[in-house]
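Residue strings, one per chain:
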Amino acid sequence: MGRGGFGFCNVLGMVDRSISSTLDQAMSPTNAKPIQRFLYAACQHGAESVLKQALCEPVGPFRLAYSAKGFLTFKSNMATPIWSRALIEHPLVRSRGTVLERVEGTESGPMVEQILASYVSMDWEVLHVWQRDTAQPGWNGFEPGESLLAQSVAELIRNALRQSNDAREVRASGVSRETPQIPASIATAEACVATHVMSPTEVLSTVPLERQAPQGAKILEVIIDEPNRWWIAAKYAQKSYDFCPGGVPDLFFPEEVISRAYYKIAEAFEWGGIQLRPSEKVVEIGASPGGACQWLLDRGTKVTGIDPAEMDERIANHPNFTHWRNRSREVKRKAFQGFRVLVCDANVTPNYTLDTVEAIVMYPTSQFRLLVLTMKLPDWKHAQKIPEHLERVKSWGFESVEARQLGHNRREYCLLARRRVSQRHST
Ligand SMILES: C[S@@+](CC[C@H](N)C(=O)[O-])C[C@H]1O[C@@H](n2cnc3c(N)ncnc32)[C@H](O)[C@@H]1O
């Protein structure tokens, strides 16, 4: 596991002393109003430099305190309460919170004991255990959220709490893909997001455009940075992903997926709290080989895939699938009539994606209510253009436009846009 290559040791020394002194004042059980000065942000390997630039002085309000691949801490000049609502927000931030302490040791057992001795009396409601990414998503089979270590640490904590009749919930990232103990869709729907079912007649008219904020909860986090170095953090959950350890929903995936796009689209709909009604007509640009189509067909929808490349034969032969073997710009705009959901995963630049989608959704007969666009970033610097992308999509009449780098995204992010019953064109 690598670390950021800039003055890491000096910075770490500063964090150690500062955190200890802050915690001396802040974490004493008798202290009614604990405060903190450090925040953390977790992200995909490679996204760190974008976050440092966006969040640190002179552009942002923070100073970098600690940097490892996929995990950063920042020092703020302002002391804020532990359960502050003012957490770091950025489309590339997967998980965020306030840092309370760093714990080091050689064995999980004593480290868990130390944590519980300090925090069992604190007023947290749920405890999350998760591990920072050890690789980029998809690299050598690695997928974010999968961590046997996090699961075993959570089990130790659960057992210790049980022994003292403490019934608070302990959740770990890393539900196994092959042997889920409970259907993850049920667990996730209840615990992670507020799920909205589209009505039979209107795809999105019943979906609140401002997604319901999940009920706030005080979450204590044990973040495994290295097996012998953990961070304790806290967050007052505000967004749907705050409810998932490390910001990655524990979805159930079948053993055989046609491509990783299956994971991406599943996570996108989970993040958006959106369920498709069976028989909904969905069109995907950049559909080959068919992972996303597989997920969509599994939901009972009727899928049209646009791609000059061949589809996997399991998709190509599916009765609810139609292949338009073209580039998207070769398809007549009129042909999109009747579709209300557009998915795009073409490996083209963000501007090409936006030009293509704009031409489709602004066509007079367009009835699209929901766009799920995977925006490929040619380089990490391109992430600075995300606000421009969002503004552009808003200008097409979509009231709710959001961006997030999903756990299963690679160097790309998910743009989710929805609008009510067409304002531009009545249906
Ligand atoms: C990342 S792959 C898509 C993976 C796919 N969504 C899945 O679920 O397996 C990108 C695809 O975009 C397609 N593509 C690139 N430019 C395109 C265009 N202008 N129109 C349609 N498809 C395009 C490529 O042929 C390629 O198959």
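Please read all numbers here as calculations on a predicted model, not as lab measurements.

Caption draft 1: Region of the structure containing the packing of aromatic side chains. Following the criterion strictly, the structure yields 12 aromatic pairs and no others. With a centroid separation of 6.3 Å and an interplanar angle of 65 degrees, the aromatic rings of Tyr 66 and Phe 71 are classed as edge-to-face. Residue classification places Tyr 66 among the buried positions, given a relative accessible area of 1%. Note on Phe 253 and Tyr 262: the rings are 6.2 Å apart at their centroids and 80 degrees apart in plane angle, and the pair reads as edge-to-face. The same class applies to Phe 253 as to Tyr 262, namely buried. Through successive ring pairs, a cluster of aromatic residues spans Tyr 40, Tyr 66, Phe 71, Trp 130 and Trp 231. One residue, Lys 281, lies across the ring of Phe 339, its end atom 4.8 Å from the ring centre.

Caption draft 2: Seen up close, the pairing of strand β14 (residues 341-344). Here β14 shows a buried face lined by Val 341 and Val 343 and a second buried face lined by Leu 342 and Cys 344. As judged from the four bridges shared by strand β11 (residues 281-285) and β14, these two strands associate in the parallel manner. By the bridge assignment for β14, Ile 285 is matched with Cys 344. In this sheet, strand β15 (residues 370-376) lies alongside β14 in parallel orientation, the contact comprising four bridges. Residue pairing in the sheet places Val 343 in a bridge with Val 372 of β15.

Caption draft 3: Representation of the site of the ligand in the model. Close to the ligand lie 23 residues; Ser 259, Gly 286, Ala 292, Asp 307 and Asp 345 are nearest. One of the side-chain nitrogen or oxygen atoms of Glu 284 is found 2.9 Å away from a nitrogen atom of the ligand. Taking Gly 290, its main chain carries an N or O atom lying 3.0 Å from an oxygen atom of the ligand. When the ligand is considered free in solution it has 600 Å² of accessible area, and contact with the protein chains removes 87% of it. Sorting the residues of the shell around the ligand by element identifies β11 and α7 (291-298) as the ones contributing at least two each.

Caption draft 4: Broad picture of the packing of helix α3 (residues 108-119) against helix α4 (residues 148-163). Remark: α3 packs on α4, axes separated minimally by 10 Å, with the N-to-C direction vectors making an angle of 50 degrees. Comparing the axis directions of α3 and α4 gives the class oblique. Judged by the sense of rotation from one axis to the other, the crossing of α3 with α4 is right-handed. Every residue of α4 that contacts α3 at Ser 108, Gly 109, Val 112 and Leu 116 is listed here: Val 153, Leu 156, Ile 157, Ala 160 and Leu 161.

Caption draft 5: View of the sheet that holds strand β13 (residues 321-324). Strand order in the open sheet formed by seven strands is β13-β12-β11-β14-β15-β17-β16, with mixed pairing between adjacent strands. The sheet is open, and its two borders are formed by β13 and β16 (400-404), each paired with just one other strand. The sheet shows a mean angle of 15 degrees between the axes of neighbouring strands, direction not considered. Contacts between helix α6 (residues 261-272) and the sheet are confined to β14, β15, β16 and β17 (412-418), with β17 contributing the most and set at about 45 degrees to the helix.

Caption draft 6: Main features of the nonpolar core. Counting residues in each nonpolar core, the largest one holds 46 residues, and the members touching the most others are Phe 74, Phe 368, Leu 371, Val 393 and Leu 415. The element best represented in this core is helix α9 (residues 350-361), accounting for four residues. Among the domains, domain 1 (8-247) and domain 2 (261-418) are the pair contributing at least three residues each to this core. Sequence-distant contacts of Leu 415, defined by excluding residues within four places in its chain, comprise Leu 371, Val 372, Leu 373, Met 375, His 389, Leu 390, Val 393, Val 401 and Glu 402. Judged by nonpolar contacts, the second largest core, of 33 residues, contains Tyr 241, Trp 271, Leu 297 and Val 343.

Caption draft 7: Examining α4 more closely. Here α4 spans 23 Å end to end across 16 residues, near enough to the 22 Å set by a 1.5 Å rise per residue. Every buried residue of α4 is listed here: Ala 150, Val 153, Ala 154, Ile 157 and Leu 161. Each buried residue of α4 lies within a common arc of 100 degrees when the element is viewed along its axis, so the set occupies one face. Every exposed residue of α4 that faces more than 90 degrees away from the buried side is listed here: Leu 148 and Gln 163. On its buried face, α4 is in contact with α3, β5 (126-131), β6 (169-172), β8 (218-226) and β9 (229-236).

Scoring rules and cut-offs
- Residues numbered from 1 in each chain as written.
- Predicted model: local features only at pLDDT ≥ 70, side-chain atom pairs only at ≥ 80, totals over all residues.
- Heavy atoms only, no water.
- Phe/Tyr/Trp six-rings, centres within 6.5 Å; stacked < 30°, edge-to-face > 60°.
- Buried < 20%, exposed > 50% of the residue type's maximum accessible area, 1.4 Å probe, protein only.
- Lys NZ or Arg CZ within 6 Å of the ring centre and 35° of its normal.
- Helix = DSSP H or I, 4+ residues; strand = E, 2+ residues; numbered from the N terminus.
- Pairing = 2+ DSSP bridges.
- Near = heavy atom within 4 Å.
- Polar contact = N/O pair within 3.5 Å; in protein donor to acceptor, adjacent residues only side chain to side chain.
- Areas by Shrake-Rupley, 256 points an atom, 1.4 Å probe, with all protein chains shown as cover.
- Axes fitted to C-alpha atoms, helices over the stretch in contact; angles between N-to-C directions.
- Parallel < 35°, antiparallel > 145°, perpendicular 65-115°, else oblique.
- Left-handed = near helix turned anticlockwise from the far one by under 90°.
- Contact = heavy atoms within 4.5 Å.
- Core = buried A, V, L, I, M, F, W, Y, C linked by side-chain atoms within 4.5 Å.
- Domains from an automatic or database assignment.
- Expected span 1.5 Å × (residues − 1).
- Arc of directions from axis to C-beta.

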